[in-house]
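Summary of structural features
Here is how the chains run, residue by residue.
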Amino acid sequence: MNFQEIYSEHSNLVFNLALHYLQNKEDAQEVAQDVFMKVYNKIHSFKENSSLKTWIYRITINTSLDFIKAKKRNKRIFLYSALQIDDPNRVIHAVNFDHPGVLMEDKESVEKIFQALNKLPVEQKTVVILLRLEQKTQAETADIMLKTIKAVESLFQRAKKNLNTILNENEGL
Amino acid sequence: MKKPSSKKQMKDKLEILAKIQKVNAPDEMYGNILSIIKNRKNATISMTWIRSAAAAILILISVEGYMIITGDFKMNQNTTPSIESIIPSSNNLLIYD
């Protein structure tokens, strides 16, 4: 399979997955481009221990998480130097919500859920994205995350509990 | 009326995520990727150039080394500098009456 074929088969998958992590069209495009650069550079070292799709899923997840980390770091440095705040860890990952897949009538409630989702630990966030947004099975999710099905199940239970707490806290404000 | 359990409420909340539609990747993305690949290829120096540069530097260093060694050897053989040639003697004579 050449690069063009890989791109046309996986570009929508990569873009949509990046969108779920970043909830912003421009950021998702940047990440998707970065993902395909990595695929182009590393395709010769791809060992067929897993499917190409699973491999691309993993690259997309890691690149999205790295992007979020870098963005948080930049924002923290900027705010810290601009405002001289006491605790730079208090800066929250604020997203300019621009998800083209969200229906207009659902936008407000979906945005609230994504805000809560962004506060979860990364593994819990990934489980929710793969199971609920990507509609993957527990076995597929476990394969992508290199975990057991039991671990995925437990992560999902914890994610739901934490999401509920965060959403209730936000509603109480 | 009985309040729905928090588990049920959460399930309802998460179900809304399934309504998010898949979108197509932007058309310009493939072109952007190709141009990044092209730019990076142009920016990187080919291995042939790196090898030739390394070989040229090695040759220069060897020639330099050879010249230093043979030059020293000849100097030791032919000329033994006297102390006068190293320290210039002064012709100034200060006479105190």
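1. Regarding the overall build of chain B
- Per the secondary structure count, chain B includes 4 helices and 0 strands.
- Starting at the N terminus and ending at the C terminus, chain B contains elements arranged as α-α-α-α.
- For chain B, with 97 residues in total, the buried portion stands at 5%.

2. Topic: the interface of chain A and chain B
- Taken together, the contact between chain A and chain B spans 26 residues of the former and 21 residues of the latter.
- Secondary structure elements with two or more residues in the side of chain A that touches chain B: α1 (3–22), α2 (25–42), α4 (107–117), α5 (122–133) and α7 (149–172) of chain A.
- The element that contributes the greatest number of residues to the side of chain A that touches chain B is α2 of chain A, accounting for 6 residues.

3. A few points about the domain arrangement of chain A
All names here are of chain A.
- Under the domain assignment, chain A is made up of domain 1 (1–100) and domain 2 (102–173).
- In this assembly, 14 residues from domain 1 lie in contact with 11 residues from domain 2.
- Listing elements by their share of the side of domain 1 that touches domain 2, those giving two or more residues are α1 and α3 (52–83).
- For the side of domain 1 that touches domain 2, the element with the most residues is α3, which contributes 5 residues.

4. Brief notes about the environment of Leu60 of chain B
- Inspection of the secondary structure assignment puts Leu60 of chain B in helix α3 (residues 47–78).
- Along the primary structure Leu60 of chain B and Gly31 of chain B are separated by 29 residues, whereas in three dimensions their C-alpha atoms are 45 Å apart.

5. Concerning helix α2 (residues 28–43) of chain B
- For α2 of chain B, with 16 residues, the first-to-last C-alpha span of 22 Å sits near the 22 Å given by 1.5 Å per residue.
- With respect to burial, α2 of chain B is a largely exposed element, only 1 of its 16 residues being buried.

6. Some words on the nonpolar core
- Counting 39 residues, the largest nonpolar core has Val14, Phe15, Ala18, Ala28, Ala32 and Val127 of chain A as its most contacted members.
- Elements that contribute at least two residues to this core include exactly α1, α2, α3, α4, α5, α6 (138–145) and α7 of chain A.
- Considering each element in turn, this core owes the most residues, 7 residues, to α1 of chain A.
- Apart from the residues within four sequence positions on either side, Phe15 of chain A is in contact with Ala28 and Ala32 of chain A together with Ala25 of chain B.

7. Describing α5 of chain A
All names here are of chain A.
- Over its 12 residues, α5 extends 15 Å from the first C-alpha to the last, a length consistent with the 16 Å expected when each residue adds 1.5 Å.
- Of all 12 residues that make up α5, 10 are buried, and the element is covered over most of its length.
- Along α5, the residues classified as buried are Gln124, Lys125, Thr126, Val127, Val128, Ile129, Leu130, Leu131, Arg132 and Leu133.
- Note on α5: the residue one or two positions beyond its end, Gln135, has a positive phi of about 55°.

8. Considering the environment of Asn168 of chain A
- Summarising the element assignment, Asn168 of chain A is placed in helix α7.
- By the C-beta count within 10 Å, which is 13 here, Asn168 of chain A ends up partly exposed.

9. Quick word on unusual backbone geometry
Residue and element names in this part refer to chain A.
- Despite not being glycine, Gln135 has its phi angle at roughly 55°, a positive value.
- Mapped onto the fold, Gln135 is located in the loop between α5 and α6.
- In this structure Gln135 comes out as exposed when scored by C-beta crowding, with 10 C-beta atoms within 10 Å.
- Positive phi values are uncommon outside glycine, yet Leu146 reaches one of about 55°.

Reading the values: the criteria
Residues numbered from 1 in each chain as written. Chains lettered and ligands numbered in written order. Predicted model: local features only at pLDDT ≥ 70, side-chain atom pairs only at ≥ 80, totals over all residues. Helix = DSSP H or I, 4+ residues; strand = E, 2+ residues; numbered from the N terminus. Buried ≥ 20, exposed ≤ 12 C-beta atoms within 10 Å, placed from the backbone. Contact = placed C-beta atoms within 7 Å. Domains from an automatic or database assignment. Expected span 1.5 Å × (residues − 1). Core = buried A, V, L, I, M, F, W, Y, C linked by C-beta atoms within 7 Å.

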